[in-house]
Amino acid sequence: MSMRATVEATPNIAVVKYWGKRDETLILPTHSSLSFTMDETLCTRTTVVFSPKFRQDELWLNGQQMDLQDKETAERFGMLELIRKQAGIRHKAKIASLNGFPTAAGFASSAAGMAALACAASKAAGLDLNAKDLSILARLGSGSACRSVMGGCVEWKAGKKADGSDSYAEQVAPASHWPELRNVIAVVDAKKKKVSSRSGMKQTIRTSALYPARVSYIPVLMRDIKAAIQSKDFPAFGELTMREAMNMHAVMLDTWPPIVYLNDYSKEIMYAVNEYNQAAGKIKAAYTFDAGPNAHVYTTDDQAANVRKMLQSIDGVKKIITCKVGNGPQYLKNGHLLEEDGTAIAHQYVEGKGIVKT
Ligand code: 2P0
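Keep in mind the model is a prediction, meaning the values are calculated, not measured. (Residues numbered from 1 in each chain as written. Predicted model: local features only at pLDDT ≥ 70, side-chain atom pairs only at ≥ 80, totals over all residues. Heavy atoms only, no water.)

A. Examining unusual backbone geometry more closely. With an omega of -10 degrees, the peptide bond between Trp-256 and Pro-257 qualifies as cis. In this model, Ile-27 sits at a positive phi of 55 degrees, which is unusual for a non-glycine residue. Structurally, Ile-27 is set in the loop between strand S3 (21-23) and strand S4 (28-29). Overall, the relative accessible area of 2% leaves Ile-27 in the buried class. Unlike most non-glycine residues, Lys-232 shows phi in positive territory, near 50 degrees. Note that Lys-232 resides in the loop between helix H6 (211-230) and helix H7 (234-253). Taking the relative accessible area as the measure of exposure, Lys-232 reaches 34% and is therefore partly exposed. (Helix = DSSP H or I, 4+ residues; strand = E, 2+ residues; numbered from the N terminus. Buried < 20%, exposed > 50% of the residue type's maximum accessible area, 1.4 Å probe, protein only.)

B. Representation of the domain arrangement of the protein chain. By domain assignment, the protein chain separates into domain 1 (1-176 + 328-358) and domain 2 (180-324). Between the C-alpha centres of domain 1 and domain 2 the distance comes to 25 Å. Of the residues lining the interface, 37 residues belong to domain 1; the matching set on domain 2 comes to 44 residues. When the two sides are added together, the surface that domain 1 and domain 2 hide from each other amounts to roughly 3,200 Å², 66% of it contributed by carbon and sulfur. (Domains from an automatic or database assignment. Contact = heavy atoms within 4.5 Å. Buried area = accessible area lost by both parts, 1.4 Å probe.)

C. Focus on the site of the ligand. For the ligand, the set of nearby residues contains 18 residues, the closest of which are Tyr-18, Lys-21, Gly-143, Ser-144 and Arg-198. Between the ligand and Tyr-18 there is a distance of 2.6 Å, counted from an oxygen atom to a side-chain nitrogen or oxygen. For the ligand, an oxygen atom lies 2.9 Å from a polar atom in the side chain of Arg-147. A per-element tally of the shell around the ligand places helix H5 (residues 197-207) first, with three residues. Looking at side-chain class alone, the shell around the ligand contains seven nonpolar, five polar and six charged residues. Each of domain 1 (1-176 + 328-358) and domain 2 (180-324) contributes no fewer than three residues to the shell around the ligand. (Near = heavy atom within 4 Å. Polar contact = N/O pair within 3.5 Å; in protein donor to acceptor, adjacent residues only side chain to side chain. Nonpolar A, V, L, I, M, F, W, Y, C, P; charged D, E, K, R; others polar.)

D. Local environment of the packing of H6 against H7. As a packed pair, H6 and H7 sit with axes 10 Å apart at the nearest point and diverge in direction by 160 degrees. Put simply, H6 runs roughly antiparallel to H7. When the axes of H6 and H7 are compared, the crossing they make is left-handed. Every residue of H7 that contacts H6 at Tyr-211, Arg-214, Tyr-217, Ile-218, Leu-221, Asp-224, Ile-225, Ala-228 and Ile-229 is listed here: Ala-236, Phe-237, Leu-240, Thr-241, Arg-243, Glu-244, Asn-247, Met-248 and Val-251. (Axes fitted to C-alpha atoms, helices over the stretch in contact; angles between N-to-C directions. Parallel < 35°, antiparallel > 145°, perpendicular 65-115°, else oblique. Left-handed = near helix turned anticlockwise from the far one by under 90°.)

E. Spotlight on the sheet that holds strand S16 (residues 330-332). The six strands lie next to each other as S8-S7-S9-S6-S1-S16, forming an open sheet whose pairing is mixed. A strand with exactly one partner marks an edge of an open sheet, and here the two such strands are strand S8 (64-66) and S16. Pairs of neighbouring strands in the sheet enclose a mean axial angle of 25 degrees, with direction left out of account. Inspection of the sheet shows strand S7 (residues 58-61) paired to S8 by three bridges, in the antiparallel sense. The partner of Leu-61 across the bridge, within S8, is Gln-64. Along the sheet face, helix H2 (residues 79-87) touches strand S6 (43-51) and strand S9 (92-100) and points at about 130 degrees away from the line of S9. (Pairing = 2+ DSSP bridges.)

F. A look at the environment of Val-188. Mapped onto the secondary structure, Val-188 falls in the loop between strand S12 (181-187) and H5. By relative accessible area, which is 2% here, Val-188 ends up buried. Taking the C-alpha atoms as reference points, Val-188 and Lys-318, 130 residues apart in sequence, are found 5.4 Å from one another. Apart from the residues lying within four places of it in its own chain, the contact partners of Val-188 are Asn-263, Tyr-265, Ile-269, Pro-293, Asn-294, Gly-316, Val-317 and Lys-318.

G. Local environment of the packing of H2 against helix H3 (residues 110-124). Where H2 contacts H3, the two axes come as close as 10 Å, and the packing angle between them is 20 degrees. Put simply, H2 runs roughly parallel to H3. Handedness of the H2/H3 crossing: right-handed. In this structure, H2 contributes Met-79, Leu-80 and Ile-83 to the contact, and H3 contributes Met-114, Leu-117, Ala-118, Ala-121 and Ser-122.

H. Highlighting the pairing of strand S13 (residues 285-289). Burial analysis of S13 places five of its five residues in the buried class, which makes it a mostly covered element. Of the two faces of S13, the one carrying Ala-285, Tyr-287 and Phe-289 and the one carrying Ala-286 and Thr-288 are both buried. Relative to strand S14 (residues 295-300), S13 runs antiparallel, the two sharing five bridges. The residue of S14 that forms the bridge with Phe-289 is Ala-295.

If you want it as structure tokens, here you go:
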């Protein structure tokens, strides 16, 4: 029996951000969050092979072998043990993963990568998990990854239980619900961030006096933004999205020592989007920023060309990428990154073509 599977997963961009854990080992958040899974414009492809012949687990990321003894990597790959336990196997795994987007795009791809790993590893091990169980596995690799195991608009329920069994992702609406929605990404800085999300959010919980106010406003926000999405009310959705992004960046700034992810270009983008909306007489574009200065500007297809033009005119915008909402992970029959025996099958990402065999 073949114990190999290959999956392509895509990032998700949150409109209600995840920032803070109630349990750092099980990766349980202090509050719920909500995102859209992007289409395959940005993706990560991962192949997992299990074999009784392998003597140790191996991980190859973009062609480079990673150290699985490294503390953070070991934590993120703890899901492999869980998969082996559930499948009743002891085989070691070989994992190869390749980012299918421009390296200068400035994306940390942990969400897509961990979602692809959870899907590919469980399939390769012979497990047939439902979306909820896959999201719980992906969550153990990276919190936000649990939202990338399904397409469309996805909620990560915070849950209350100590064992994390009620902290999983659920689809709020499929990609087909709002096909006009676009995310126009303006890359202003492609460098690795100075403060990782993992350590930054821990520091925020410890030190920010504003953080409890953020946690208490999230349930109301979740209710209102889900209603705006269900009725495809862009102005309401856009305002909530922008205000929520600023709320998260406010508690980051209120952290001690302060965490500042936005830069002057991010601010230029915010002002330009506000002016764009003022000129239109209503909100037609809405920015959000993750743990970095790059802008994700949600808008609709009729506005996308103008929004691109507006962003292009801003000094410091290095690259613009437009994504639609996607359908979630795809299981590939061809295009494996590893042979059944674990030998690498060389692939690379070529801009405009995607991931191709070399
Ligand atoms: C989000 N971020 O909701 C927010 C917005 C960053 C800002 O999810 O520690 O990389 O692996 O659970 O998932 C980043 O957090 O952190 C994140 P871990 P993760 O997209």
